[in-house]
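Below, each chain spelled out in residue letters.
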Amino acid sequence: MQRREFFKKSFAAASALALADTLGASETRQPIDNRKVSSIAFPEKRPLITYSDRPPLLESPRETFSRAITPNDEFFVRWHMPEIPTHIDPATYKIHINGAVERELHISLDSLKLDFEQVEVTAVLQCGGNSRSAFTPTAGGIQWGHGAMGCAKWKGVRLRDLLSRAGLKKDAAWIGFNGLDNAAYYETPNFVREMPLEDLDDHVIVAYEMNGEDLPYLNGYPLRLVIPGHYSDSWVKMLSNITVTTEYQKLFFMDVAYRVPDNDCECETPENRFKPTKPITTMNVKSIIGYPTNNTIVHHNTHLVVRGVAFDDGHGIRDVLISTDGGKTWGTALLDKDAGRYAFRAFRYAIKPTKMGKLTIMAKAINRLGAEQPFAHEIKWNHGGYKFNGIDAVTVEVI
Amino acid sequence: MKILLTALVLTASALMAQVNEPVEVPYIAYEIKTGKGFDAVQANCLTCHSFGYIINQGPQARAFWLEKTVKMVDAFKAPITPEDVQSIAEYLFTYYGNGEEK
C-alpha cells in the first residue's frame, strides 16, 4: 500500500517535471461545451447557461452561433456589481459629461436621439474571458464556454460628437466611463473604465438600441458604450457618466483586471507569472461552429451543412476553412454577406459524411491581414484565461 | 448538519421593452457543499455575489482560493475578519479545490 502510494507520487512528480517545459504549449484544449441552459429565464431573455444570478452571468449556447446576428434574448450577459437599478425612468434619465471639458453636459435620451447624428454599427461584443475553460491548469475566473459573445446592430450617437459638444480641454487625455451598477459596499471600487483619447474614433458610439429594439435591461438599458473591435470589458452598461481627465486614474478594474502578460506570446506559467502586464484591448481572429453541435447525430450519405460565425478586430475575415480530417486538409467555406468589418461573418460548408462513427469538424478563420487561428492545443496559458482563439472543433456521430 | 438548498425562484415580473417598472432578476439557489467553514462563507460571500460565482470558477489550488478571498478584502473592501478569511479559503480548497497547493 505504502509502496504503491510512493510510486503514484513519484509518477505524478515525474509527469509534472516533464510538463514543466511544455506547460501552456501543450495543455490547452477545447473549452467545456456540455453545459445546459437553465430552466429559469431572466428578464427579456430566453433560458441561457446561468453561472450566477447576482451579479447576472449568462452564456449563449453554441447553437446561437449559426446566425450572423445574435438575437437580443439569446445575447450573453456579464455584470461585475451586484446592485443593478431595478427601475429606470427613460423620461428623466440623463447621461452626464464632465471633467476636463469646456461645458458640462446632462443629456436626456430624447435629446440624444434628436440633437445628434444617429449612427449604426454592427459589431461583435465578446468577453475577454470567453472560452476560458479551455485553459489548463484552470485559469482564474468564470469558466466560460464559447458563448460569452454575440453580434448585434447597435444604434446610437458617436462618442466623439458628444465630447465635441462638451468641448475637450487642451490637456484632455483620458475618458472615464461609469454605469449605474453598484457594489454592495460603499468602499468597493466602482466598475469604472478608462480609454486613452487616442483610441477614440468615429466607430465608438453610445448606443441606445440593439437589433432595432431598446437595449435589453441586462445588456445595459438605456445606454451602453460600444467599442467595435475591442473586447467587452470597456463597453460600460447603463452608462451614466463620462468623465474626461488629463491623467490616467489608478483604478482597480484598469490596473488589475483584464490584463495579459506584456510579452510577445502573451503567455506565462502558473509558477512563473510574467510582469509587466498590458490590457487585453483588441480581439484576435476567431470562429465558432454553430451547427452541428457536439454529439449531433447525422445519417451517413446525407447532407450536412456546417454553419458558424467568424470575426476579428475589424480587419475583416478573408477565409474560413473547414477540416474533417483533424486539420490535415482544409476546404474553403462559403462566406455570407459582409455586414461590416466588425460584424460576425457567417459561413457555411456542405459535407456528406460517408463513414459511420465519430466525425470531427474543425473551423479555422483567417483575416485580411493573414492572421489565422492556431490549434487549440497551441494556445499558451495566461493567468486570467483571456483571448482564447483556438481552432474550433465539434464531433458528431454518423449513423 | 446538512443544509438542503432547494431551487427557490422568484418569478420575474413581466417586462416591457423599456425598464419603466421594477425589474426582478430571478434568484437561483446554487447547490453548494456544506461542511467546515461554510458558516463563514454564508455570512460573508452572499452580500456581494451568488454561490454560482464561486463554484463556476472551477476546481482551484489552495493559493488561488486564498488569493481570491484576500482580494475580496483588499481590492473590494469586504469587511471579512482575518479568521473568516482563513475559514473561507480553507473551505473553498477543501470542497472546490484541485488538490494542488499552488
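Residues numbered from 1 in each chain as written. Chains lettered and ligands numbered in written order. Predicted model: local features only at pLDDT ≥ 70, side-chain atom pairs only at ≥ 80, totals over all residues. Heavy atoms only, no water.

Moving on, we come to the domain arrangement of chain A. All names here are of chain A. According to the domain assignment, chain A contains domain 1 (49-279) and domain 2 (286-398). Here the C-alpha centre of domain 2 lies 27 Å away from the C-alpha centre of domain 1. Taken together, the 43 residues of domain 1 in the interface contact 32 residues of domain 2. At the surface where domain 1 touches domain 2, the tally comes to two salt bridges. Applying the counting rule to domain 1 against domain 2 returns 14 residue pairs in polar contact (both at pLDDT 80 or more). Those elements that provide at least two residues to the side of domain 1 that touches domain 2 are β6 (118-126), β7 (149-158) and β14 (259-261). Residues belonging to the side of domain 1 that touches domain 2 are distributed by class as follows: 20 nonpolar, 15 polar and eight charged. (Domains from an automatic or database assignment. Contact = heavy atoms within 4.5 Å. Salt bridge = Lys/Arg side-chain N within 4 Å of Asp/Glu carboxyl O. Polar contact = N/O pair within 3.5 Å; in protein donor to acceptor, adjacent residues only side chain to side chain. Helix = DSSP H or I, 4+ residues; strand = E, 2+ residues; numbered from the N terminus. Nonpolar A, V, L, I, M, F, W, Y, C, P; charged D, E, K, R; others polar.)

Residue and element names in this part refer to chain A. Note on placement: Ala-371 falls in the loop between β23 (357-367) and β24 (392-398). C-alpha separation for the pair Ala-371 and Arg-318, spaced 53 residues apart in sequence, amounts to 9.6 Å. Excluding anything up to four places from it in sequence, Ala-371 contacts Val-285, Ala-365 and Ile-366.

A few words now on the interface of chain A and chain B. In this assembly, 37 residues from chain A lie in contact with 36 residues from chain B. Counting the contacts that link chain A with chain B gives zero salt bridges. Remark: the boundary between chain A and chain B carries 15 residue pairs in polar contact (both at pLDDT 80 or more). Elements with a minimum of two residues in the side of chain A that touches chain B: β1 (49-53), β2 (56-59) and α4 (252-255) of chain A. For the side of chain A that touches chain B, the element with the most residues is β1 of chain A, which contributes four residues.

Moving on: the sheet that holds strand β22 (residues 345-351) of chain A. Residue and element names in this part refer to chain A. A sheet is described by the order of its strands in space; here four strands give the open sequence β16-β18-β22-β21, paired in antiparallel fashion. Of all the strands in the sheet, just β16 (286-291) and β21 (334-335) have a single pairing partner and so form its edges. By the bridge criterion, seven bridges tie strand β18 (residues 304-311) to β22 in an arrangement that is antiparallel. Opposite Arg-307, over in β22, you have Arg-348 as the bridge partner. (Pairing = 2+ DSSP bridges.)

This paragraph deals with the sheet that holds β24 of chain A. All names here are of chain A. Read from one edge to the other, the open sheet built from five strands follows the order β17-β24-β23-β19-β20, with strand pairing classed as mixed. Of all strands in the sheet, those bounded by a partner on one side alone are β17 (297-298) and β20 (331-332). Examined bridge by bridge, β17 and β24 share two bridges and lie parallel to one another. Within β24, the position partnered with Ile-297 by the bridge is Glu-397.

The next subject is the pairing of strand β13 (residues 239-245) of chain A. Note on strand geometry: in a regular strand, side chains alternate between the two faces of the sheet. Residue and element names in this part refer to chain A. Counting buried positions over the seven residues of β13 gives five, a clear majority of the element. Pairing geometry for strand β4 (residues 94-99) and β13, over four bridges, is parallel. Within β13, the position partnered with Gly-99 by the bridge is Val-244. Bridge analysis of strand β8 (residues 174-179) against β13 gives six bridges, and the strand direction is antiparallel. (Buried < 20%, exposed > 50% of the residue type's maximum accessible area, 1.4 Å probe, protein only.)

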